[in-house]
Amino acid sequence: MKNFGLDIWGDNNFIINDNTININYASKPSLIQITKEIREQGYKGPLLLRFPHLIKKQISNLFKSFEKAKEEFNYKGSFQAVFPLKVNQFPNFVESLVDISKEYNYGLEAGSKAELIIAMSKTPMGLPITVNGFKDKEMISLCFIATKMGHNITITIEGLGELETIMQVKDELEIYETTALVPKIGMRIRLHSTGIGTWAKSGGYSSKFGLTSTELLEAYDLLKSNDMLNSLWMIHFHIGSQMSDISPLKKALREAGNIYAELKKRGAYALGAINIGGGLAVEYSQHEGKTERNYSLQEFANDVVFLMQEIAKSKGVDEPDIFTESGRYISASHSVLIAPVLELFSQEYNEKGLRLKDKNPPLIEELNDLYSSICPKHAHEYLHDALDHMESLFTLFDLGYIDLEDRSNAEILVNLIIKKAIFLLSDEDTDELKRIQERIQERYLVNFSAFQSLPDFWGLAQHFPIMPLDKLDEKPTNPATIWDITCDSDGEIEFNNQLPIYLHNIEIDKDEYFLAFFLTGAYQEVLGMKHNLFTHPTEAVIEFNDNQEYSIKNIIEAQNLIDVLDDLDYDTHKINKALKEQIENSSFIKSDEKKALLDKLYLYLSENSYLKTIQAIER
Ligand SMILES: *Cc1c(COP(=O)(O)O)cnc(C)c1O
């Protein structure tokens, strides 16, 4: 695995310089420099770094690709896009997004009341806001209020009931307003075609969402009879996230395009837009031959524009405006989670651990010779010999012929021989090598929670690119398993010889070693759970000024212990009081010690759950 697959997943966002991973932008600072700078300010534990320039890059790429496709096909409709808030609602993300995207007329999509409030308060007036998901009367009233404020709202109805509610709200408003300002109406269609991959069920006839053709016709009639056809302006579908293949999208586009054209011909004169939802995939793979998508953004844009044009032409209707709601594609790359390695397990296998005697059993002597003389030419042969010897030595131990020290020497020597053989044979990729790697894997205990920071790894086995921040001039030779700090065996990224990760051999009491988890900006934050009460990590925004220099902004520290308990609705006054009383009443504490102990306790309560110290080292 050269460069940790950076050329596969990195999209030129990062670059290796001076043995460290650097941001490939402006002054190209290294991630380790930024990390150390933040840690020097006293923030320990995992860090989530956000890079607004990468949000801007994705938005700009999206718009550029569609503008290019429009030009190529001479497409008449406009291209517009909104960001679906469910993918990332965190203020440091959303505020950066809104700030850098103004020039693109880029809006927000809301799928719940709380998201709608974010959209209403953060979207500049006039930029599109689409409102999807199941809605009650209150949510629809909020859409009317937003429209009255001047917002450009489109309500996408998921069922006929919502349309009836829209009419009810309108009627009620018209009791004291002459004519209510009705938001634009979109209709989510229930596609016959299904998506692909994990989220395929967002589309298809049994999908949770959308109107069947029968319901579409009823909705049309209802709008017509209420003289509201002027509000019907969008057709919407979404075939599911992380589309690995483009062909299901093409089928869906044909289906949706024809529905658009049919409704238009029927008399939906205000209908002018088709919203193709999200689904644009992100390349998370760091292993050759295991890539997750088979199309480029330009191909995606070309297909959408071409197909819409073709359908409009053949049915003789105007080319619709095209909306997208890509979330993953826009936000995944903007954040990097950086977590310190706390400890390595199985490090006992080093030369220092050997307890060789003046006179060792012959097989141990032989292992020792193999270890000191192994070379590329004989690596395979020596490896086999070593594995054989180990079996024999274990048998000898069971029969009582060698002692515990001999057995320990055998384990260490064989482990060292395997490591050396792998190092010497590193250009080979044989099954045998892969198999033995599992025997010498190293466990890296890392100061983060997979449940909190990589929930899709836990729930869906989604792979996220992982690499260390430095030592990139040294070949990493340890097949690695990554352990998080939760007390849950699921909090482990196991060494997988199909998708192997190798990390460096380090002496953690001498050397700091950080791992970075990339592409964590989509879905991972709000889906993250507080298992064991590990909360959202400390985050910071990294911005670049006109002189290419970076600055660290908007640091939000991980929640402190007492706030975490408060969130669970504990009465924190009672907790404080109980702790205080226990100190007051303890017969083990002398009265002149009480104040110092209490101060210490309160200090700990004001800090977060992540680990700070292992074996007296600050991490
Ligand atoms: C989730 C969702 C999206 C975003 O999908 P991505 O795959 O993240 O681009 C867009 N539209 C709708 C309706 C959604 O539910």
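## Concerning the nonpolar core
Judged by nonpolar contacts, the single largest core of 145 residues is most densely connected at Phe14, Leu31, Leu49, Phe237, Phe300 and Phe517. Non-local contacts of Phe14, meaning those with residues more than four positions away in its chain, are made with Leu6, Trp9, Ile21, Asn22, Ile23, Asn24, Leu31, Leu54, Val336 and Phe518. Counting 26 residues, the second largest nonpolar core, distinct from the first, contains Tyr371, Met390, Leu416 and Ile436.

## Looking at a nonpolar patch on the surface
Judged by side-chain polarity, Met125, Ile145 and Met149 come together as a nonpolar surface patch covering roughly 300 Å² of accessible area. Within the secondary structure, Met149 sits in helix 6 (residues 137-149).

## Here's the deal with the domain arrangement of the protein chain
Per the domain assignment, the segments making up the protein chain are domain 1 (133-281 + 291-324), domain 2 (351-438) and domain 3 (561-618). Measuring from the centre of the C-alpha atoms in domain 1 to the corresponding centre in domain 2 gives 65 Å.

## Regarding helix 6
Its 13 residues place the ends of helix 6 18 Å apart at the C-alpha level, agreeing with the 18 Å of an ideal helix rising 1.5 Å per residue. Met139, Ile140, Leu142, Cys143, Phe144, Ala146 and Thr147 are the residues of helix 6 that are buried. Contacts from the buried residues of helix 6 go to helix 5 (113-122), strand 6 (128-131), strand 7 (152-157) and helix 7 (160-173). Here helix 6 starts with a cap whose side-chain oxygen sits 3.3 Å from the backbone nitrogen of Glu138, and that cap is Asp136.

## A look at the packing of aromatic side chains
Here the distance between the centres and the angle between the planes together describe a pair of aromatic rings. For the structure on display, the rule yields 20 aromatic pairs. Judged by centre distance (4.9 Å) and plane angle (65 degrees), the rings of Phe14 and Phe518 are edge-to-face. Of this pair, Phe14 sits in strand 1 (residues 14-17) while Phe518 sits in the loop between strand 18 (514-517) and helix 18 (524-527), placing them 504 residues apart in sequence. Considered together, Phe14 and Phe518 belong to a single accessibility category, that of buried residues. Ring geometry for Phe73 versus Phe306: centroids 5.7 Å apart, planes at 50 degrees, classification tilted. Of this pair, Phe73 sits in helix 3 (residues 52-73) while Phe306 sits in helix 10 (residues 297-315), and the two are 233 residues apart along the sequence.

## Considering the site of the ligand
Near the ligand there are 16 residues, and of these Lys86, Ser241, Glu325, Gly327 and Tyr523 occur at the shortest range. Here an oxygen atom of the ligand and a side-chain polar atom of Ser241 are 2.4 Å apart. Tyr523 is positioned with one of its side-chain polar atoms (N or O) 2.6 Å from an oxygen atom of the ligand. Out of a free accessible area of 380 Å², the ligand has 93% covered by protein chains.

## Examining the environment of Ile482
For Ile482, the position within the fold is in strand 15 (residues 478-483). Taking C-alpha positions, Ile482 is 58 Å from Glu172, a pair spaced 310 residues apart along the chain. Each residue touching Ile482, except ones within four places of it in the same chain, is listed here: Tyr444, Val446, Phe448, Ile466, Gly491, Glu492, Ile493, Leu503, Leu515 and Phe517.

## Some details on the side chain of Glu162
In this fold, Glu162 is placed in helix 7. Classification of Glu162 by relative accessible area gives buried; the value is 6%. If sequence neighbours within four positions are ignored, Glu162 has contacts with Gly133, Phe134, Lys135, Ile140, Thr156 and Ile157.

## Focus on the pairing of strand 1
Looking down a regular strand, the side chains alternate between one sheet face and the other. By the bridge criterion, four bridges tie strand 1 to strand 2 (residues 20-23) in an arrangement that is antiparallel. What sits directly across from Asn17, in strand 2, is Thr20.

## A short note on the packing of helix 3 against helix 10
Packing of helix 3 against helix 10 leaves a shortest axis separation of 9 Å and a crossing angle of 45 degrees. When the interaxial angle is binned, helix 3 and helix 10 end up oblique. With respect to the hand of their crossing, helix 3 and helix 10 are arranged in right-handed fashion. Touching Asn61, Leu62, Ser65, Phe66, Lys68, Ala69, Lys70, Glu72 and Phe73 of helix 3 are Leu297, Gln298, Phe300, Ala301, Asn302, Val304, Val305, Phe306 and Gln309, all from helix 10. Partitioning the contact of helix 3 with helix 10 into residue classes produces 10 nonpolar, five polar and three charged.

## Section: the pattern of salt bridges
This structure, assessed with the given rule, holds 28 salt bridges. For Lys135, the salt bridge is made with Glu162, and the minimal N-O distance between the two is 2.8 Å. Here Lys135, found in the loop between strand 6 and helix 6, pairs with Glu162, found in helix 7; they are 27 residues apart in sequence, far enough to count as distant. Here Glu172 makes a salt bridge to Lys137, at a shortest N to O gap of 2.9 Å. Here Lys137 lies in helix 6 and Glu172 lies in helix 7, a separation of 35 residues in the sequence. Given a relative accessible area of 35%, Glu172 falls into the partly exposed group. Relative accessible area serves as the criterion here: at 32%, Lys137 is assigned to the partly exposed category. Connected via shared salt-bridge partners are Arg50, Glu525 and Glu539.

## Some details on the sheet that holds strand 8 (residues 184-188)
In space, the eight strands of this closed barrel follow the order 4-5-6-7-8-9-10-11, with parallel pairing throughout. Across this sheet, the average inter-strand angle for adjacent strands is 25 degrees, counted without regard to direction. With three bridges joining them, strand 4 (residues 79-84) and strand 11 (residues 321-324) adopt parallel strand pairing. Residue pairing in the sheet places Ala81 in a bridge with Thr324 of strand 11.

Rules used throughout
Residues numbered from 1 in each chain as written. Predicted model: local features only at pLDDT ≥ 70, side-chain atom pairs only at ≥ 80, totals over all residues. Heavy atoms only, no water. Core = buried A, V, L, I, M, F, W, Y, C linked by side-chain atoms within 4.5 Å. Buried < 20%, exposed > 50% of the residue type's maximum accessible area, 1.4 Å probe, protein only. Contact = heavy atoms within 4.5 Å. Patch = residues over 30% accessible without salt bridge, like charges linked within 9 Å, V, L, I, M, F, W, Y side chains within 5 Å. Areas by Shrake-Rupley, 256 points an atom, 1.4 Å probe, with all protein chains shown as cover. Salt bridge = Lys/Arg side-chain N within 4 Å of Asp/Glu carboxyl O. Helix = DSSP H or I, 4+ residues; strand = E, 2+ residues; numbered from the N terminus. Domains from an automatic or database assignment. Expected span 1.5 Å × (residues − 1). Polar contact = N/O pair within 3.5 Å; in protein donor to acceptor, adjacent residues only side chain to side chain. Phe/Tyr/Trp six-rings, centres within 6.5 Å; stacked < 30°, edge-to-face > 60°. Near = heavy atom within 4 Å. Pairing = 2+ DSSP bridges. Axes fitted to C-alpha atoms, helices over the stretch in contact; angles between N-to-C directions. Parallel < 35°, antiparallel > 145°, perpendicular 65-115°, else oblique. Left-handed = near helix turned anticlockwise from the far one by under 90°. Nonpolar A, V, L, I, M, F, W, Y, C, P; charged D, E, K, R; others polar.

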